[in-house]
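Per-entry structural report
Spelled out from the first residue to the last, the chains are:
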Amino acid sequence: MILLEVITIFYFYHLVWLFISLAIARTPPAEPAGEGKSRFAVLFPAHNEEGVIAASIASVKNCRYPKELFNVYVIADNCTDRTAALARQAGAIALERQDPQRGKQHALKWAFNAIDLEKYDAVVILDADNRVDSGFLSALDSELQKGNKVVQGYLETLNPNDSWITANYAYMFWYICRLNMARSLLGLSSWLAGTGFCISTDVIKRIGWRVETLTDDVEYTCQLILAGERIKFAPGAVVYDQKPLLLENSMRQRLRWIRGQTQVTMKYLPRLAVQAVKAWLAGKPGAAIQAIDGIMWVPMHLVVMASVGMSLALFGWQYLLSVLVTAPVTFILPMAAERVKNGRAWAYLVTAGAFFFTWLPVTAYGVVTCGQKSWWRTPHI
């Protein structure tokens, strides 16, 4: 069957990347040097985040990096609480936006026009609940000084012990960071992860910020690939991201991801295919391989759904039982490579199969309703 062959190719491709990544030693968080050259505009898009924004700003301001070389901006996007006031009290520049178009992608586009980008070498994008390691800015500066224009930091889970939901987010991001490490090692572009990344202002001026889907990170990665830009992964630039504790909030967040991923698939898969063919014919194998990597990543949620449907048809309840075993085993490998010492995270592995099953209705409904672009805020505490 052609479908079976396609599914096999996709799964084998990702397994190869995973096994390559297992041989890579994790770079520890960067030692803060207390010096640097790059001028940063650190941006926090925020909608009603009065409960977390002050601590997030303090985290950045506590970085051992020259204070005169960075400014912290909070984009108070359609806020009805004290986010802007608390941001100013914490030492940030609050940009207040009132616009019917809500959402991170629109807030960032507005901010890029509101801020004088000529004053900065790069912008850093963080979520309102994020905390950063003290060497975060130093690590980004180091990559920019090497000539890298777009850098993705290491996205660690801030609260892996809070619930079985947050633990499973941690498993996902350890896995994703491992794959990004492998891509960077072999000279391919990494993938943006939604937060904890920086973009050279030169790139913003050249490519712009024309993000329209619900997954700005995936869409902008595709735009960068098509423009010939490479995203460098920086394991030493560590950012801690808070994950939703409750299943309801998690499923709503992932529904947005699936809708956005489907929107990107429909919009960019043909473009990536054309790019791969053109680059190969032009004698640019590196660009062709990069486009192919995008093709193998963007529609993966559709491949998983097709795989589940086929497996259920062939094996029924036996397949469901096997997932309870294979899902934890899949995450054991990146956790071992990361040398995770968190005992509760290891204990929660028994729930990985159950968490996988929660993806099925989310993915099915998200694909069917991918035309909806409404944005929903993930609660933070």
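I will try to describe carefully the structure that is included in this document. Please read all numbers here as calculations on a predicted model, not as lab measurements. Throughout, a residue's number is its position along its own chain's written sequence, starting from 1. Given that the model is predicted, a residue must reach a pLDDT of at least 70 before its local features are reported, and side-chain atom pairs must reach 80 or more before they are shown or counted; all residues, however, enter totals for whole chains, interfaces and linings. No hydrogens and no water enter the side-chain calculation; it runs on all heavy atoms of the structure.

**Focus: the pairing of strand 1 (residues 40-46)**
The buried fraction of strand 1 is high, at seven of seven residues. With burial as the criterion, each face of strand 1 is covered, one bearing Phe-40, Val-42, Phe-44 and Ala-46 and the other bearing Ala-41, Leu-43 and Pro-45. Whether two strands pair comes down to DSSP finding at least two bridges between them. Put simply, DSSP H or I for four residues or longer makes a helix, DSSP E for two residues or longer makes a strand, and each gets a number counted from the N terminus. Where strand 1 and strand 2 (residues 70-77) come together, seven bridges link them in parallel fashion. The partner of Phe-40 across the bridge, within strand 2, is Phe-70. Each residue is placed in one exposure class: buried if its accessible area under a 1.4 Å probe, protein chains only, is under 20% of its type's maximum, exposed if it is over 50%, and partly exposed if it falls in between.

**Digging into the pairing of strand 8 (residues 231-241)**
Burial within strand 8 is extensive, with 10 of its 11 residues counted as buried. Relative to strand 8, strand 5 (residues 131-132) runs antiparallel, the two sharing two bridges. Directly across from Arg-131, in strand 8, lies its bridge partner Tyr-240.

**Considerations on unusual backbone geometry**
Comment: phi is negative for the bulk of residues other than glycine, and the bulk of peptide bonds are trans. Look at Asn-48: it is not a glycine, yet its phi comes out positive at around 50 degrees. As for its position among the elements, Asn-48 is in the loop between strand 1 and helix 2 (53-61). Phi is positive for Arg-339, which is not a glycine, with a value near 55 degrees. Position of Arg-339 among the secondary structure elements: in the loop between helix 12 (317-338) and helix 13 (343-347). By relative accessible area, which is 69% here, Arg-339 ends up exposed.

**Details of a nonpolar patch on the surface**
In this scheme, patches are assembled from residues that exceed 30% relative accessible area and form no salt bridge. Like charges are connected within 9 Å, while nonpolar side chains (Val, Leu, Ile, Met, Phe, Trp, Tyr) are connected within 5 Å. Residue-level accessible areas treat just the shown protein chains as cover; the underlying method is Shrake-Rupley with a 1.4 Å probe. Salt bridges are counted wherever a side-chain nitrogen of Lys or Arg sits within 4 Å of a carboxyl oxygen of Asp or Glu. A cluster of nonpolar side chains, Leu-312, Trp-317, Leu-320, Leu-321, Leu-324, Val-325, Val-329, Ile-332 and Trp-346, forms an exposed patch at the surface whose accessible area comes to about 820 Å². For the nonpolar patch, the leading source of residues is helix 12, giving seven residues.

**Digging into the sheet that holds strand 2**
Spatial strand order, 3-2-1-4-7-6-8-5: eight strands in an open sheet with mixed pairing. Edge positions in the open sheet fall to strand 3 (93-97) and strand 5, since each of these has one partner strand only. One ladder, built from four bridges, connects strand 1 with strand 4 (residues 122-125); its direction is parallel. The residue bridging Val-42 from the neighbouring strand is Val-124, located in strand 4. Contacts are residue-level and defined by heavy atoms, with any inter-residue pair within 4.5 Å sufficient. To obtain each axis, a line is fitted to C-alpha atoms, and for helices this fit is confined to the stretch in contact; angles are then taken between N-to-C directions over 0 to 180 degrees. Sheet strands in contact with helix 5 (residues 136-145) are strand 1, strand 2, strand 4, strand 5, strand 6 (150-157), strand 7 (197-200) and strand 8, and its direction is about 170 degrees off that of strand 8. On top of the sheet, helix 6 (residues 164-185) reaches strand 6 and strand 8; it is set at about 150 degrees to strand 6, its chief contact.

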